[in-house]
Amino acid sequence: DAGVTQSPTHLIKTRGQQVTLRCSPKSGHDTVSWYQQALGQGPQFIFQYYEEEERQRGNFPDRFSGHQFPNYSSELNVNALLLGDSALYLCASSLAGGRANEQFFGPGTRLTVL
Amino acid sequence: EDKVVQSPLSLVVHEGDTVTLNCSYEVTNFRSLLWYKQEKKAPTFLFMLTSSGIEKKSGRLSSILDKKELFSILNITATQTGDSAVYLCADHASGNTGKLIFGQGTTLQVKP
């Protein structure tokens, strides 16, 4: 049973560029949440997707956008990158009809903005 | 605004010691509190607590929730070097969307 997968593992970008991160949820899961984890901090909720729609959003600017596909996989897009966007981006999947707070995390994408 | 605070922020112990990690929360419409262990990247699920006073146990790890005082503790007995990690506490916010609010984590280092 494949767990949550994310790609790429690492990414280096320069300020002003745009980036797309990808996530495939655990088999059987239909909900994907994205988190940003800065060094030495806990993960911060960006947004959650269910049925291909953004269901809830954290305190992140519109530069952060996402998408969910019919197969439940998801993308996180960040435009006009800032140095402060450097972080580990975690994707978590869960089952909306089950215990939605049992979220399973992927290994993350380490984004470095130079 | 909902908030989760963990203490201590870091801890160094020797193998065989017992440690207690603390998590306090201020959350409207509390649903549950979760503990995760993060070694390299992906946080791995440890416990979910919904009811006060009921201890959850898994091997040398145990956790309990106090909904009156708004805190939880995670105990690790007979620590091993493999327990070295960041331990994250998270609160399940209101509604059924599953948004988790995390504390800043406790970094545990277990020395041989």
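The coordinates are above.
Now for a description of the structure that goes with this document. (Residues numbered from 1 in each chain as written. Chains lettered and ligands numbered in written order. Predicted model: local features only at pLDDT ≥ 70, side-chain atom pairs only at ≥ 80, totals over all residues. Heavy atoms only, no water.)

1. Observations concerning the packing of aromatic side chains
Applicable threshold: Centres within 6.5 Å are what make two rings of Phe, Tyr or Trp a pair, Trp counting through its six-membered ring; a difference in plane orientation under 30 degrees is then read as stacked, over 60 as edge-to-face, and the rest as tilted. The numbering of helices and of strands both runs from the N terminus, where a helix is a DSSP run of H or I of at least 4 residues and a strand a run of E of at least 2. In this scheme, a residue with accessible area under 20% of its type's maximum is buried, one over 50% is exposed, and one in between is partly exposed, where area comes from a 1.4 Å probe on protein chains only.
By the definition in use, this model includes 10 aromatic pairs over all chains. Note on Tyr-35 of chain A and Phe-105 of chain A: the rings are 5.5 Å apart at their centroids and 50° apart in plane angle, and the pair reads as tilted. Highlighted residues: Tyr-35 of chain A in strand S4 (residues 31–37) and Phe-105 of chain A in strand S10 (residues 104–105), separated in sequence by 70 residues. Comparing Tyr-35 of chain A with Phe-105 of chain A, the two get one shared label, buried. Measuring from centroid to centroid gives 5.3 Å for Phe-105 of chain A and Tyr-36 of chain B, while their planes differ by 90°, and the two rings are edge-to-face. Highlighted residues: Phe-105 of chain A in strand S10 and Tyr-36 of chain B in strand S4 (residues 32–38), drawn from two different chains. By relative accessible area, which is 9% here, Phe-105 of chain A ends up buried.

2. Some details on the interface of chain A and chain B
Condition: Any pair of residues with heavy atoms lying within 4.5 Å of one another is described as a contacting pair. Accessible surface is computed with a 1.4 Å probe, and the buried area is the amount of it that two parts give up when combined, taken over both parts together. The term salt bridge refers to a pairing of a side-chain nitrogen on Lys or Arg with a carboxyl oxygen on Asp or Glu at a separation within 4 Å. The definition of a polar contact used here is a pair of N or O atoms within 3.5 Å, where within protein one atom must be able to donate a hydrogen and the other to accept one, and adjacent residues in sequence count solely through side-chain atom pairs. Put simply, Ala, Val, Leu, Ile, Met, Phe, Trp, Tyr, Cys and Pro go in the nonpolar bin, Asp, Glu, Lys and Arg in the charged bin, and everything else, Gly too, in the polar bin.
Between chain A and chain B, the contact holds 24 residues from the first and 20 residues from the second. When chain A packs against chain B, the two sides together hide about 1800 Å² of surface, and 54% of this comes from carbon and sulfur. The interface formed by chain A and chain B includes zero salt bridges. Run the count over chain A and chain B and you get three residue pairs in polar contact (both at pLDDT 80 or more). Of all elements in the fold, only S4, strand S5 (44–50), strand S6 (53–57) and strand S9 (87–94) of chain A reach the threshold of two or more residues within the side of chain A that touches chain B. Of the residues assigned to the side of chain A that touches chain B, the class counts are eight nonpolar, 13 polar and three charged.

3. Examining unusual backbone geometry
At the junction of Ser-7 of chain A and Pro-8 of chain A, the peptide bond is cis and its omega measures out at -10° in the coordinates. Inspection of the secondary structure assignment puts Pro-8 of chain A in the loop between strand S1 (5–7) and strand S2 (10–13). The linkage connecting Ser-7 of chain B with the following residue, Pro-8 of chain B, adopts the cis geometry, with an omega of -10°. Note on placement: Pro-8 of chain B falls in the loop between strand S1 (3–7) and strand S2 (10–14).

4. Some details on the sheet that holds strand S8 (residues 74–78) of chain A
The strands making up a sheet associate through backbone hydrogen bonding, with each pair oriented either parallel or antiparallel. Residues and elements named next belong to chain A. To keep it simple, the criterion reads: Two strands form a pair only when DSSP identifies at least two bridges running between them. Axes here mean lines fitted to C-alpha atoms, for a helix over just the part in contact, with angles spanning 0 to 180 degrees between N-to-C directions.
Judged by pairing direction, the sheet is antiparallel, and its four strands sit side by side in the order S1-S3-S8-S7 without closing on themselves. Edge positions in the open sheet fall to S1 and strand S7 (64–68), since each of these has one partner strand only. Across the sheet, the axes of successive neighbouring strands diverge by a mean angle of 20°, strand direction being ignored.

5. Some thoughts on the state of the cysteines
Quick note on the threshold: Note on terminology: disulfide denotes any pair of cysteine sulfur atoms within 2.5 Å.
All told, the structure shown has two disulfides over all chains when counted by the stated rule. One disulfide in the model links Cys-23 of chain A with Cys-91 of chain A; its S-S distance is 1.8 Å. Torsion about the S-S bond of the Cys-23 of chain A and Cys-91 of chain A cystine: about -55°, corresponding to left-handed handedness. Highlighted residues: Cys-23 of chain A in strand S3 (residues 19–24) and Cys-91 of chain A in strand S9, separated in sequence by 68 residues. Given a relative accessible area of 0%, Cys-91 of chain A falls into the buried group. Covalent S-S linkage joins Cys-23 of chain B and Cys-89 of chain B, the inter-sulfur distance amounting to 1.8 Å. Its S-S torsion of about -60° marks the bond between Cys-23 of chain B and Cys-89 of chain B as left-handed, since a negative value means left-handed. Of this pair, Cys-23 of chain B sits in strand S3 (residues 19–26) while Cys-89 of chain B sits in strand S9 (residues 85–92), and the two are 66 residues apart along the sequence. Both residues of the pair, Cys-23 of chain B and Cys-89 of chain B, count as buried.

6. Brief notes about the layout of surface pockets
Worth spelling out the cut-off: Grid spacing is 1 Å over the protein atoms alone, the probe is 1.4 Å, and a cavity is where that probe fits but cannot get out, while a pocket is an open set with protein on both sides within 12 Å along at least five of seven lines and lining residues have an atom within 4 Å of a point. Grid points are joined across faces, edges and corners, and a volume is the space filled by probe spheres set on the points.
Within this model, the largest pocket holds a volume of roughly 370 Å³. Taken together, 18 residues form the lining of the largest pocket, with Gln-44 and Asn-59 of chain A together with Glu-1, Lys-99 and Ile-101 of chain B sitting closest to its centre. Ranked by residue count, the leading element in the lining of the largest pocket is strand S10 (residues 100–102) of chain B, at three residues. Of the residues assigned to the lining of the largest pocket, the class counts are eight nonpolar, six polar and four charged. Its volume calculated, the second largest pocket comes out at about 220 Å³. Together, 15 residues line the second largest pocket, and Gln-37, Gly-40 and Gln-41 of chain A together with Gln-38 and Val-86 of chain B are the ones closest to its centre. For the lining of the second largest pocket, the per-class residue count stands at five nonpolar, seven polar and three charged.

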